[in-house]
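Geometric and topological summary
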Amino acid sequence: MDSKDCVDFEDLLPVMAEKLGGDALIGELCNGFRLLMDSDKGVITFDSLRKNAALFGLQDLSDDELRGMIEEGDFDGDGALNQMEFCVLMFRVSPELMDESRFLLEEALHEEGFPCFY
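Let us look at the structure shown here.

1. Things to note about helix α4 (residues 63–73)
Where α4 is concerned, the buried positions are Leu66, Ile70 and Gly73. Down the axis of α4, the buried side of the element spans an arc of 80°, and every buried residue falls inside it. In α4, the exposed positions that point more than 90 degrees away from the buried face belong to Asp64 and Glu71. Tucked into the core, α4 has its buried residues touching α3 (46–52) and α5 (83–92).

2. Quick word on α5
Where burial is concerned, most of α5 is hidden: 7 out of the 10 residues are buried. Burial in α5 covers these residues: Glu85, Phe86, Cys87, Val88, Leu89, Met90 and Phe91. The opening residue of α5 is Asn82, an N-cap whose side-chain oxygen sits 3.1 Å from the backbone nitrogen of Met84.

3. Notes on a nonpolar patch on the surface
Taken together, the side chains of Leu35, Leu55 and Phe56 make up a nonpolar region of the molecular surface, amounting to roughly 300 Å² of accessible area. Secondary-structure assignment places Leu35 in helix α2 (residues 22–36).

4. Remarks on the packing of aromatic side chains
Using the criterion set out here, one finds 1 aromatic pair in the structure. Judged by centre distance (5.9 Å) and plane angle (50°), the rings of Phe33 and Phe86 are tilted. Of this pair, Phe33 sits in helix α2 while Phe86 sits in helix α5, placing them 53 residues apart in sequence. Taken as a pair, Phe33 and Phe86 share a single burial class, namely buried. The ring of Phe46 carries the charged tip of Arg67 above its face, separated from the ring centre by 4.2 Å.

Conventions used here
- Residues numbered from 1 in each chain as written.
- Predicted model: local features only at pLDDT ≥ 70, side-chain atom pairs only at ≥ 80, totals over all residues.
- Heavy atoms only, no water.
- Buried < 20%, exposed > 50% of the residue type's maximum accessible area, 1.4 Å probe, protein only.
- Helix = DSSP H or I, 4+ residues; strand = E, 2+ residues; numbered from the N terminus.
- Arc of directions from axis to C-beta.
- Contact = heavy atoms within 4.5 Å.
- Polar contact = N/O pair within 3.5 Å; in protein donor to acceptor, adjacent residues only side chain to side chain.
- Patch = residues over 30% accessible without salt bridge, like charges linked within 9 Å, V, L, I, M, F, W, Y side chains within 5 Å.
- Areas by Shrake-Rupley, 256 points an atom, 1.4 Å probe, with all protein chains shown as cover.
- Salt bridge = Lys/Arg side-chain N within 4 Å of Asp/Glu carboxyl O.
- Phe/Tyr/Trp six-rings, centres within 6.5 Å; stacked < 30°, edge-to-face > 60°.
- Lys NZ or Arg CZ within 6 Å of the ring centre and 35° of its normal.

Everything listed here is a matter of coordinates, which is why it stays silent on function.
Here it is in structure tokens:
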């Protein structure tokens, strides 16, 4: 992907984590998930992401870029993002926060029954 094709964004998760604290940050991520999800299916689908992308300033993304976002976070291969996949994706696209919170993320995944990756 050329640099002109890259999506620029300001990584605000570390600032949010610092201001809100861990529990409130997770709550905000859950709120974001609910805004983007297909309410009938309970997951973020390509169609629901495209429909609601403007809520997050993503209205200028192409369909391929939106599909890429779904594919990047879709760990179970069902073509959609469940709440855990969405939260993990948000942490993964925030390198600074990822460095600071790897332990907490692994702990949360373990509690949800996902294997730990070290």
